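# Fold and geometry: a report
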Amino acid sequence: MMVEVTAYFGFTCTGSSDDGRERTITTDISPTYVKQILQLQEAGATEEDLHPIVAEAITESYFTEWGTRAAGLRADFTHVQSIEFRF
């Protein structure tokens, strides 16, 4: 599954050199997160309810490149303009 998010992304990480800012990010997310997102949607979750899990998924795939860099980084987003999921 691909996710595209336009939002303000902020970061938590020791020594982070990347200030928070508005971004549009399109990235693949792992099947583990796809399953969680689909289960939450089936249970009636709102888009806002999905924000924390989508932020985790984007952190894993986009910001830490599947765990190969930026260990300990956590990305959160606010001021969401759009979230779109594609298969």
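Whatever comes next refers back to the structure up there.
All residue numbers here refer to positions counted from 1 along the written sequence of the relevant chain. The predicted nature of this model means local features are confined to residues of pLDDT at least 70 and side-chain atom pairs, given and counted, to a pLDDT of 80 or more, with totals for whole chains, interfaces and linings taken over all residues. For the side-chain quantities, the full set of heavy atoms in the structure was used; hydrogens and water were omitted.

The next point concerns the overall build of the chain. On a plain count of helices and strands, the chain comes out with two helices and three strands. Along the chain direction, N to C, the helices and strands of the chain fall in the order β-β-α-α-β. Contacts in the chain between residues at least 24 apart in sequence constitute 62% of all its contacts with a sequence separation of at least 6. Areas reported as accessible are Shrake-Rupley estimates using a 1.4 Å probe. Residue values count occlusion only from the protein chains shown. If you sum the accessible surface of the chain, you get close to 5,300 Å²; carbon and sulfur atoms cover 48% of it. Numbering of helices and strands runs from the N terminus; a helix is a DSSP stretch of H or I covering at least four residues, while a strand is a stretch of E covering at least two. Whether two residues are in contact is decided by their heavy atoms: any pair within 4.5 Å suffices.

So, on to the packing of aromatic side chains. Classification of ring pairs rests on two measures: the distance between centres of Phe, Tyr or Trp rings, Trp counted by its six-membered ring, which must be within 6.5 Å, and the angle between planes, read as stacked under 30 degrees, edge-to-face over 60 and tilted in between. If you walk through the whole model with that rule in mind, you get three aromatic pairs. Taking 5.3 Å as the distance between ring centres and 65 degrees as the angle between the ring planes, the aromatic pair formed by phenylalanine 9 and phenylalanine 77 counts as edge-to-face. Within this pair, whereas phenylalanine 9 is found in strand β1 (residues 2–12), its partner phenylalanine 77 is found in strand β3 (residues 74–86), the two being separated by 68 residues in sequence. The rings of Phe9, Tyr62, Phe63 and Phe77 are connected pair by pair, giving a single aromatic cluster.

In short, geometric facts, not functional conclusions.
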